Amino acid sequence: MSRRHRSRAVGSFILIVLGMVALWEGYKWMGQTTGGTWPLTDIELPVRTNDRAMPHVWDIVSALFRPATRAAGADLLVVLLLRAAFFTWRSAVIGFAAGSLVGFGLGVLFVRSSLAERGLMPYVVASQTVPVIAIAPILVVWGGRLELPNWVPVAAISAYLAFFPVAINTLRGLRSPAATASELMRSYAASQNQVLWKLQVPAALPFLFPALKIAATTSVIGAIVGELPAGMSEGLGRALLSFASSFSSSPEKLFASVLIAALVGVFFVALVAIAERIAIPPTRRLKEDTTMNVTPRLGNTGA
Amino acid sequence: MNALELQNVDMVFNPGGENAVAALRGIDLSVEPGEFISLIGPSGCGKSTMLRLVGDLLAPTAGSVTVNGKSAPQARLDRDYGMVFQNATLLEWRRILANVELPLEIMDVSKSERIQTARDMLELVQLDQFEDHYPWQLSGGMQQRVAIARALAFRPSLLLMDEPFGALDEMTRERMQMELLRIWQETETTVVFVTHSIPEAVFLSTRVVVMSPRPGQITKIVDIDLPQPRVFETREDQRFFALLTRVRESLRAVEEE
């Protein structure tokens with residue numbers, strides 16, 4: 001990005017954050033002055049605006065920089081949360097990598113064998129409708145039986161949520177080249193592998209990266225959800241659980257934990273976006289026109 | 001040995017079903033090496049199908065296709081022909097040079113040889129200045145020239161072209177026709193060229209094959225005895241008009257049946 005473009009992006013980001021803070025505080029102030037209803041009406045506001053249900057933004061932020069518990073020598077909340085976040089993120093990354101590889105592999109399998117696609121696709125789709133919160137304890141118990149370290153079932157849950165978008169979009173991307181492109185490869189008597197790596201995979205990249213961004217977020221969700229029933233002492237799942245139980249005394253700690261959890265997701269997606277920028281030049285990023293990307297488009301020169 | 005021979009070729013899509021479509025019937029054609037053959041006929045007459053049969057992108061339901069004395073599948077495996085489509089079909093993630101290198105990569109040619117050959121081909125089509133550009137930076141005509149360079153990169157003896165200039169404007173088209181003739185003469189390839197345009201067919205070819213509507217049959221083969229090499233002035237020749245008329249009448253006669 002050009003320097004002006006970048007400073008404009010940063011500027012608008014800051015504006016949006018300030019806007020959201022203003023919205024939060026504005027809503028609170030409105031609720032406090034009208035006594036819990038929409039102004040000039042009797043309709044009740046959807047969310048309570050007292051300091052317990054909605055702590056002030058600065059209370060949430062400042063809670064990060066106070067000790068996490070009343071125990072002596074306790075870490076600052078932000079330190080505790082970052083440590084938990086790192087633990088969770090590690091499982092999420094491993095799950096993301098494993099899930100993406102499986103998803104990519106399924107995409108390749110399905111593009112080569114329509115028999116495999118017809119046979120396996122219903123199961124692939126069905127796998128996503130089973131609620132993760134039901135599977136998580138099962139996987140954790142199995143993990144315990146097999147005496148695996150406790151992050152393994154968590155990573156497995158991340159992988160479970162990550163593989164689906166990658167599989168679907170890989171398949172779509174691998175199928176995206178025009179018929180003439182495939183005929184061209186056939187006229188060269190190219191092997192199946194050559195067609196895969198020289199034509200289909202490069203054509204699939206603009207479809208793959210958006211799916212990887214989705215997988216990045218779902219793998220973080222999966223990791224957090226996976227930690228909840230695991231009775232794990234580390235990780236954001238545990239942190240969220242314990243701060244939820246102390247909600248009545250210190251609500252801002254829970255909000256602060258949610259904020260950090262969200263930031264983990266944002267950070268991960270940003271990493272994927274950087275990888276995307278390296279892998280695909282800007283002209284190829286998928287825009288509204290998602291027809292296959294082997295058609296000519298006239299650029300600036302008109303020779 | 002003929003460059004190309006089709007004997008009694010039939011092509012039926014979805015044979016035996018209700019959607020059966022007879023695209024070609026009883027095609028007999030012999031092409032000698034170095035000829036420039038145009039296939040012309042109304043839409044749907046099967047000329048693109050015929051091209052794909054030669055290229056072993058389709059298999060005939062009856063009859064035989066022989067390329068350089070071999071079966072079509074063998075000729076394809078031996079990479080005896082290059083193909084150019086109406087859409088240039090360049091890979092947009094590769095620069096121009098890498099696009100021309102594509103067939104050479106597939107044929108496991110060494111890197112230094114590939115690059116040199118690709119450069120030579122780009123010089124042949126006069127686009128060597130653009131080797132570092134991306135396809136989207138080139139106009140349609142230039143992209144087609146790259147596609148031609150790519151098709152000739154591995155020096156096939158046969159070039160199959162499916163309305164390659166169909167998407168271009170008239171002036172670019174005429175320029176490209178001259179270019180193609182120059183390349184044809186320099187490389188001594190046999191060319192089978194599918195087109196909708198009568199002047200294009202007559203201007204470029206040594207013989208014009210006129211086809212009937214579906215199911216496509218060869219109604220007439222017109223010998224184009226215009227002098228070689230063809231020049232812009234050829235289009236103003238009396239003989240050129242006579243031949244245009246001959247081809248046009250053959251096309252019309254078939255349609256009136």
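Residues numbered from 1 in each chain as written. Chains lettered and ligands numbered in written order. Predicted model: local features only at pLDDT ≥ 70, side-chain atom pairs only at ≥ 80, totals over all residues. Heavy atoms only, no water.

Undergrad: Would you mind going over the overall build of chain A with me for this structure?
TA: Across its full length, chain A carries ten helices and zero strands. The order of helices and strands in chain A, counted from the N terminus, is α-α-α-α-α-α-α-α-α-α. Counting only residues that meet the buried cut, chain A has 42% of its 303 residues in that class. Put simply, of all contacts in chain A between residues at least 6 apart along the chain, 70% involve residues at least 24 apart. With the model as given, the accessible surface of chain A reaches about 16700 Å², and the carbon-plus-sulfur share is 69%. The positive charge centre, built from 26 side chains, and the negative charge centre, built from 15, are 10 Å apart in chain A. (Helix = DSSP H or I, 4+ residues; strand = E, 2+ residues; numbered from the N terminus. Buried < 20%, exposed > 50% of the residue type's maximum accessible area, 1.4 Å probe, protein only. Contact = heavy atoms within 4.5 Å. Areas by Shrake-Rupley, 256 points an atom, 1.4 Å probe, with all protein chains shown as cover. Lys, Arg positive; Asp, Glu negative; His and termini not counted. Charge placed at Lys NZ, Arg CZ, Asp CG, Glu CD.)

Undergrad: I tried to follow the overall build of chain B on my own but got confused; where do I start?
TA: Scanning chain B from terminus to terminus reveals eight helices and ten strands. Taken against the 2.2 N^0.38 rule, which gives 18 Å for 257 residues, the C-alpha radius of gyration of chain B at 18 Å falls within 12% of a compact globule. When the backbone C-alpha atoms are referred to their principal axes, chain B occupies close to 55 × 45 × 35 Å. When each of the 257 residues of chain B is scored for burial, the buried share is 56%. (Rg over C-alpha atoms; globule rule 2.2 N^0.38 Å.)

Undergrad: Please explain the packing of aromatic side chains as it appears in this structure.
TA: Two descriptors summarise a pair of aromatic rings, namely the distance from one centre to the other and the angle between the planes of the rings. Across all of its chains, the model carries twelve aromatic pairs over all chains by this definition. Note on Phe 247 of chain A and Phe 255 of chain A: the rings are 6.5 Å apart at their centroids and 45° apart in plane angle, and the pair reads as tilted. By relative accessible area, Phe 247 of chain A is classed as partly exposed at 25%. An aromatic cluster of at least three residues, connected via ring pairs, comprises Trp 89, Phe 96, Phe 267 and Phe 268 of chain A. In this structure, Arg 235 of chain B packs its charged tip against the face of Phe 203 of chain B, placed 3.8 Å from the ring centre. (Phe/Tyr/Trp six-rings, centres within 6.5 Å; stacked < 30°, edge-to-face > 60°. Lys NZ or Arg CZ within 6 Å of the ring centre and 35° of its normal.)

Undergrad: Please explain unusual backbone geometry as it appears in this structure.
TA: Glycine aside, residues mostly have negative phi, and peptide bonds are mostly found in the trans state. All names here are of chain B. With an omega of 0°, the peptide bond between Arg 214 and Pro 215 qualifies as cis. You can see Pro 215 is positioned in the loop between β9 (207-211) and β10 (218-223). With omega at -10°, the peptide bond leading from Gln 228 into Pro 229 counts as cis. In this structure, Asn 68 takes a positive phi of about 50° despite not being glycine. When you line up the elements, Asn 68 lands in the loop between β4 (62-67) and β5 (70-71).

Undergrad: Can you walk me through the domain arrangement of chain A in this structure?
TA: The extent of an interface is frequently quoted as the accessible surface area lost upon association of the parts. Residues and elements named next belong to chain A. Each assigned domain of chain A is listed with its residue range as follows: domain 1 (1-51) and domain 2 (55-290). For domain 1 versus domain 2, the separation of C-alpha centres amounts to 29 Å. Taken together, the contact between domain 1 and domain 2 spans five residues of the former and seven residues of the latter. Overall, the association of domain 1 and domain 2 removes approximately 580 Å² of surface from exposure, summing both partners, and the carbon and sulfur fraction of that is 61%. At the boundary of domain 1 with domain 2, the tally comes to zero salt bridges. On inspection of domain 1 and its partner domain 2, the count reaches three residue pairs in polar contact (both at pLDDT 80 or more). Counted by class, the side of domain 1 that touches domain 2 contains two nonpolar, no polar and three charged residues. (Domains from an automatic or database assignment. Buried area = accessible area lost by both parts, 1.4 Å probe. Salt bridge = Lys/Arg side-chain N within 4 Å of Asp/Glu carboxyl O. Polar contact = N/O pair within 3.5 Å; in protein donor to acceptor, adjacent residues only side chain to side chain. Nonpolar A, V, L, I, M, F, W, Y, C, P; charged D, E, K, R; others polar.)

Undergrad: Help me understand a nonpolar patch on the surface, please; the structure alone is not making it clear to me.
TA: On the surface, Val 10, Phe 13, Ile 14, Ile 16, Val 17, Leu 18 and Met 20 of chain A cluster together into a nonpolar patch covering about 690 Å² of accessible area. Its location among the elements puts Ile 16 of chain A in helix α1 (residues 3-34). (Patch = residues over 30% accessible without salt bridge, like charges linked within 9 Å, V, L, I, M, F, W, Y side chains within 5 Å.)

Undergrad: So what exactly am I meant to see when it comes to the sheet that holds strand β6 (residues 81-84) of chain B here?
TA: Backbone-to-backbone hydrogen bonds pair the strands of a sheet. The strands run either parallel or antiparallel. Residue and element names in this part refer to chain B. Here we have six strands laid out as an open sheet, ordered β6-β7-β8-β3-β9-β10, and mixed in their pairing. Sheet topology places β6 and β10 at the edges, where each strand pairs with a single neighbour. Neighbouring strand axes in the sheet, compared pairwise and without regard to direction, differ in orientation by 15° on average. Against the sheet, helix α1 (residues 47-54) touches β3 (36-40), β6, β7 (158-162), β8 (190-195) and β9, its axis set at about 150° to β7. (Pairing = 2+ DSSP bridges. Axes fitted to C-alpha atoms, helices over the stretch in contact; angles between N-to-C directions.)

Undergrad: What is the right way to look at the nonpolar core in this model?
TA: A general tendency of soluble globular proteins is for nonpolar side chains to be buried together. One finds Leu 6, Val 202 and Val 247 of chain B to be the most contacted residues of the largest nonpolar core, which totals 95 residues. Among the elements that take part in this core, helix α5 (residues 140-152) of chain B stands out by supplying seven residues, more than any other. The residues contacting Val 247 of chain B, other than those within four sequence positions of it, are Ile 40, Ile 198, Val 202, Val 208, Val 210 and Val 222 of chain B. If you look at the next biggest cluster of nonpolar residues, it comprises 37 residues, including Leu 77, Leu 212, Ala 223 and Ile 260 of chain A. (Core = buried A, V, L, I, M, F, W, Y, C linked by side-chain atoms within 4.5 Å.)

Undergrad: Looking at this structure, how should I read the packing of helix α9 (residues 236-245) of chain A against helix α10 (residues 251-279) of chain A?
TA: Between two packed helices, what matters for the description is the angle formed by their axes and the separation of those axes. Residue and element names in this part refer to chain A. Across the interface, α9 lies against α10 with an axial gap of 8 Å and an inter-helix angle of 160°. Classified by the interaxial angle, the pair formed by α9 and α10 is roughly antiparallel. The handedness of the crossing between α9 and α10 is left-handed. For the pair α9 and α10, contact is made by Leu 236, Leu 240, Phe 243 and Ala 244 and by Lys 253, Leu 254, Ser 257, Val 258, Ala 261 and Val 264, respectively. (Parallel < 35°, antiparallel > 145°, perpendicular 65-115°, else oblique. Left-handed = near helix turned anticlockwise from the far one by under 90°.)

Undergrad: Can you walk me through the sheet that holds strand β2 (residues 21-31) of chain B in this structure?
TA: Residue and element names in this part refer to chain B. On the basis of which strands lie adjacent, the open sheet formed by four strands has the order β2-β1-β4-β5 and antiparallel pairing. Whereas interior strands pair on both sides, the edge strands pair on one side only; in this sheet they are β2 and β5. Two strands pair when backbone bridges link them, and strand β1 (residues 4-13) and β4 are joined in this way by five bridges, in the antiparallel orientation. Residue pairing for β4: Leu 4 is matched across the bridge by Val 67. α1 contacts β1, β2 and β4 of the sheet and is inclined by roughly 120° relative to β1.

Undergrad: Explain the domain arrangement of chain B to me, please; I cannot follow it from the model alone.
TA: Residues and elements named next belong to chain B. According to the domain assignment, chain B consists of domain 1 (4-80 + 157-256) and domain 2 (89-155). Centre-to-centre separation of domain 1 and domain 2, based on C-alpha positions: 25 Å. With 16 residues of domain 1 at the contact, the number on the domain 2 side is 14 residues. Carbon and sulfur atoms supply 72% of the area that domain 1 and domain 2 bury against each other, a total of about 1200 Å² over both sides. Among the residues domain 1 hides against domain 2, the three largest losses belong to Arg 79, Met 176 and Ile 183. Together they make up 40% of the total. Across the contact surface, domain 1 and domain 2 share zero salt bridges.

Undergrad: Is there a simple way to explain the environment of Val 201 of chain A in this structure?
TA: Residue position: Val 201 of chain A is located in helix α8 (residues 192-227). Each C-alpha atom of the pair Val 201 of chain A and Leu 120 of chain A lies 21 Å from the other, and the pair is 81 residues apart in sequence.

Undergrad: Just to check I follow, could you spell out the pattern of salt bridges for this structure?
TA: Here the idea is simple: oppositely charged side chains can pair when their charged atoms come close. Applying the stated criterion to the full structure yields 19 salt bridges over all chains. The salt bridge partner of Lys 213 of chain A is Glu 276 of chain A, with a shortest N-O separation of 2.9 Å. With Lys 213 of chain A in helix α8 and Glu 276 of chain A in helix α10, this residue pair connects regions lying 63 residues apart in the sequence. With relative accessibility at 26%, the residue Lys 213 of chain A sits in the partly exposed group. Notably, a salt bridge pairs Arg 239 of chain B with Asp 225 of chain B, separated by 3.0 Å at the nearest N-O pair. One end of the pair, Arg 239 of chain B, is in helix α8 (residues 238-256); the other, Asp 225 of chain B, is in the loop between β10 and α8, with 14 residues separating them in the sequence. What makes Arg 239 of chain B partly exposed here is its relative accessible area of 31%.

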